[in-house]
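Each chain is listed here by its residues.
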Amino acid sequence: ILGFSTPPGRLSMMAFILNALTCALALLYFIRRGKQCLDFTVTVHFFHLLGCWIYNSRFPWTLTWWLVHVVCTALMAAIGEYLCMRIELREIPLNSAPKSNV
């Protein structure tokens, strides 16, 4: 169903790209480490490959399937790592004033 020539194919590819963006946000909330984003992204897409292989009873050989998943893997890893690095590189507040409960 993935393909550039049909509207359902384009819609499916857009859904995969939007899924990569939402999964990048999930990396921010669940992983929180920029160094681990690529590992978890590749793991998720590897399990998706296995699921597709089992569900269809054959290995996916289509070029568009591989292109879409390579692009989605790159997007998810890059955006997830960028978001996690922004959180990691925030300044640590150093407040030396004692807190008082008034």
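Residues numbered from 1 in each chain as written. Predicted model: local features only at pLDDT ≥ 70, side-chain atom pairs only at ≥ 80, totals over all residues. Heavy atoms only, no water.

The name an unreviewed UniProt entry gives the chain is SYS1 protein, with Pachyramphus minor as the organism. The record in UniProt for the chain states the following under Sequence similarities (unreviewed entry): "Belongs to the SYS1 family." UniProt annotates the chain under Subcellular location (unreviewed entry) with the comment "Golgi apparatus membrane". (UniProt positions renumbered as here; feature names shortened; annotations may be inferred.)

Section: unusual backbone geometry
At Arg32, a position not held by glycine, the phi torsion is positive, near 60 degrees. Relative to the helices and strands, Arg32 is located in the loop between helix 1 (7-30) and helix 2 (37-56). The backbone of Ser57 sits at a positive phi, close to 60 degrees, despite the residue not being glycine. In this structure, Ser57 sits in the loop between helix 2 and helix 3 (63-88). For Ser57, a relative accessible area of 65% translates into the label exposed. (Helix = DSSP H or I, 4+ residues; strand = E, 2+ residues; numbered from the N terminus. Buried < 20%, exposed > 50% of the residue type's maximum accessible area, 1.4 Å probe, protein only.)

Digging into the state of the cysteines
In the structure shown here, the tally under the stated rule is 0 disulfides. We note that Cys37 lacks a disulfide partner, and the nearest cysteine sulfur, in Cys84, lies 3.6 Å from it. Residue Cys84 is classed as buried on the basis of its relative accessible area of 1%. (Disulfide = S-S within 2.5 Å.)

Let's talk about the environment of His45
One can find His45 in helix 2. For the pair formed by His45 and Thr73, sequence separation is 28 residues and the distance between their alpha carbons is 7.1 Å. When near neighbours in sequence (up to four residues on either side) are disregarded, His45 contacts His69, Cys72, Thr73 and Met76. (Contact = heavy atoms within 4.5 Å.)

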